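Take a look at the letters that make up each chain.
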Amino acid sequence: MDLITKRVYGAEDILPADVYKWQFLEDIMRSQAKAYGFKEIRTPVFEHTELFNRSVGDTTDIVQKEMYTFTTKGGDSLSLKPEGTAGAARAMLEHGLYNDGYPIKAYYLTACYRYEKKNYGRQREFHQFGMEVYGAASAYADAEVMCAAHSVFDRLDVQNISLEINSIGCKECRPKYTAALREYFGSHESELCDTCRSRLTRNPMRILDCKSPVCSKIAADAPKVLDFLCEECHDHFEEVKGCLNAARIKYQVNPSIVRGLDYYTRTVFEFVAPEVGTVCGGGRYDGLIEELGGQHTPSLGFGMGMERLLLLLNKQNIAIPEPPVCDLFVIGLGEKAKQKAFSLIEGVRSASLIAEGDIVGRTLKAQMKYANKIHARFSMVIGDSEMEENCAVLKNMTTKEETKVPLDDGFFNAFFAAYVDDSNSDLINRLNKMK
Ligand code: ATP
Ligand code: MG
């Protein structure tokens, strides 16, 4: 085939055969978000570039190198969202959601765009599940969002995922730490990579995040942020740990976690798995809402990478259950029988069960083969004699059990009875296996 074009580098198609995996994850995320009292927020795929410059921060890799920014015909600079927090915060402020009182709890499932080199678990279009809480300063809020992220991994039965936490202080204590880092890294200036040398003046904390072996070796002996926390930040961090202990969530304090976005204050955290690295990152951003023009509003949240989570499930051989694709396949032979089959199929579908019939003109044999291929639970053939007798044979494709059923309105009761029987025996089998 001579296609005129292919998909854009770094973007992936999610095909019909795989989409159930995404839907399964999304269902778990939505139900956990609901359990924690969060409502969904959907914001546009693009925003005014200024929003990301201000919130994500113009010294970050995201803003400096990774954003898809373009100028509209009207001359506005817009950017595709590289993460979900900024748009959600903008919408919360713009619509005055705070008028209904705090906390405001919102979650999102969104595509994000970053101009990055494609790599294992790294794409240019990727997807995040995220949760945000506005107007909550208490350490219980920090623990609540970490527990919420943890609950998603728990429901999926993910193994060996560790929660690493740190506190990066506030605008009172951070400057002292930044000064200490500047002094320390300054004495190693000639050894640092070019990017880190420029970070030295602008944002030395980011050097701690550098992946180059030389920089990370130097960073290992750098002053530790926890030694610089003011009393309030120190106490808050202790309370967060206490709340996590109360919820029996295991964690490790990792003083080198700084996160790649400018808006974080105090608590930062990551869920890390050995197979894929960081799957989820988040923290507190007490200054963000003010930065965007709102009142001081202590807030926090996280973003979880969907592609990385799927890779992790795959690595850990965690199978996502395939949904049924067909409850009943009806074959009609001859024009009259075909019309009968079509009307029965429609009837079954109106009860939201999955019914299929031939729409491509297959022979009887080929239709049987197809019904097997799509794992139809039941099949039924209607021919001349069935039309005459006004009844047909319903076949359970797994047990091969056959039931004579009427073809008038009585069909639906007979089919649903067989369907419920089959579902129950399936359930009993599964329960027996659990013992
Ligand atoms: P990394 O260090 O891997 O670049 P990050 O610090 O840039 O991650 P965040 O901005 O915190 O990531 O995003 C949260 C999560 O989103 C990450 O932990 C990861 O699972 C996922 N993620 C980030 N960038 C990408 C990408 N380019 N492709 C796929 N997933 C991504
Ligand atoms: Mg990144």
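Residues numbered from 1 in each chain as written. Chains lettered and ligands numbered in written order. Predicted model: local features only at pLDDT ≥ 70, side-chain atom pairs only at ≥ 80, totals over all residues. Heavy atoms only, no water.

> Mind showing me how you'd approach unusual backbone geometry here?
One can expect most non-glycine residues to show negative phi and most peptide bonds to be in trans. Note that the residue after tyrosine 102, namely proline 103, is joined by a cis bond; omega there is 0°. Within the secondary structure, proline 103 sits in the loop between helix 4 (85–94) and strand 5 (104–113). With a phi close to 55°, arginine 248 is a non-glycine residue in the positive phi region. Looking at the secondary structure, you find arginine 248 in the loop between helix 9 (231–246) and strand 8 (252–253). Take arginine 248: its relative accessible area is 77%, and that puts it in the exposed class. (Helix = DSSP H or I, 4+ residues; strand = E, 2+ residues; numbered from the N terminus. Buried < 20%, exposed > 50% of the residue type's maximum accessible area, 1.4 Å probe, protein only.)

> I'm lost on the side chain of aspartate 286 in this one. Help?
Turning to its location among the elements, aspartate 286 is positioned in the loop between strand 10 (277–284) and helix 10 (288–291). Here arginine 284 takes part through its side chain, which lies 2.9 Å from a polar atom of the side chain of aspartate 286. Of the polar contacts made by the side chain of aspartate 286, one reaches the backbone nitrogen of serine 299; its length is 3.3 Å. In this structure aspartate 286 touches Thr265, Arg266, His296, Thr297, Pro298 and Ser299, once residues within four positions along its chain are discounted. (Polar contact = N/O pair within 3.5 Å; in protein donor to acceptor, adjacent residues only side chain to side chain. Contact = heavy atoms within 4.5 Å.)

> Explain the site of ligand 1 here, please?
Around ligand 1, the structure places 16 residues, and the nearest of them are Arg114, Glu116, Gln123, Arg259 and Arg308. In the model, an oxygen atom of ligand 1 is placed 2.7 Å from a nitrogen or oxygen of the arginine 114 side chain. Note that an oxygen atom of ligand 1 is positioned 3.1 Å from one of the backbone N or O atoms of valine 279. Surface burial for ligand 1 is 89%, taken as the share of its 590 Å² of free accessible area covered by protein chains. Elements represented by at least two residues in the shell around ligand 1 include exactly strand 6 (125–134), strand 10 and strand 11 (299–305). Looking at the shell around ligand 1, the element that brings in the most residues is strand 10, giving three residues. (Near = heavy atom within 4 Å. Areas by Shrake-Rupley, 256 points an atom, 1.4 Å probe, with all protein chains shown as cover.)

> Explanation requested: the pattern of salt bridges in the structure shown.
As a working rule, side chains carrying opposite charge can pair if their charged atoms are close by. Tallied over the full model, the rule gives 23 salt bridges. The salt bridge involving glutamate 40 is made with arginine 30; its shortest N-O contact spans 2.6 Å. Of this pair, glutamate 40 sits in strand 1 (residues 39–40) while arginine 30 sits in helix 1 (residues 19–35); the two residues are 10 residues apart in sequence, bridging distant segments of the chain. Here glutamate 270 ties to arginine 259 by a salt bridge, and the two come within 2.7 Å at their closest N and O atoms. Here arginine 259 lies in the loop between strand 8 and strand 9 (265–273) and glutamate 270 lies in strand 9, a separation of 11 residues in the sequence. With relative accessibility at 13%, the residue arginine 259 sits in the buried group. One salt-bridge network, held together by shared partners, links Arg7, Glu12 and Lys118. (Salt bridge = Lys/Arg side-chain N within 4 Å of Asp/Glu carboxyl O.)

> How should I be thinking about the sheet that holds strand 15 (residues 391–396) in this particular structure?
Strands belonging to one sheet form pairs held by backbone hydrogen bonds; the direction of such a pair is parallel or antiparallel. The sheet built from five strands is open, its strands ordered 13-12-14-15-16 with mixed pairing. The open sheet has two edge strands with one neighbour each: strand 13 (355–357) and strand 16 (402–406). Adjacent strand axes in the sheet meet at a mean angle of 25° when their direction is disregarded. The sheet contacts of helix 12 (residues 335–350) involve strand 12 (328–332), strand 13 and strand 14 (378–382), and relative to strand 12 the element is tilted by about 165°. Packing against the sheet, helix 13 (residues 364–373) makes contact with strand 12 and strand 14, and its axis sits at approximately 180° to strand 12. (Pairing = 2+ DSSP bridges. Axes fitted to C-alpha atoms, helices over the stretch in contact; angles between N-to-C directions.)

> Whenever I open this one, the packing of aromatic side chains confuses me. Can you help?
Centre distance and the angle of the planes are the two values used to describe a pair of aromatic rings. Applying the stated criterion to the full structure yields 17 aromatic pairs. A centroid spacing of 5.2 Å and a plane angle of 50° characterise the contact between phenylalanine 153 and phenylalanine 271, whose relative ring orientation is tilted. With phenylalanine 153 in helix 5 (residues 139–155) and phenylalanine 271 in strand 9, this residue pair connects regions lying 118 residues apart in the sequence. The residue whose ring lies beneath lysine 118 is tyrosine 9, and the NZ or CZ to ring-centre distance is 5.8 Å. Over the ring of tyrosine 370 we find arginine 362; its NZ or CZ atom is 4.2 Å from the centre of that ring. (Phe/Tyr/Trp six-rings, centres within 6.5 Å; stacked < 30°, edge-to-face > 60°. Lys NZ or Arg CZ within 6 Å of the ring centre and 35° of its normal.)

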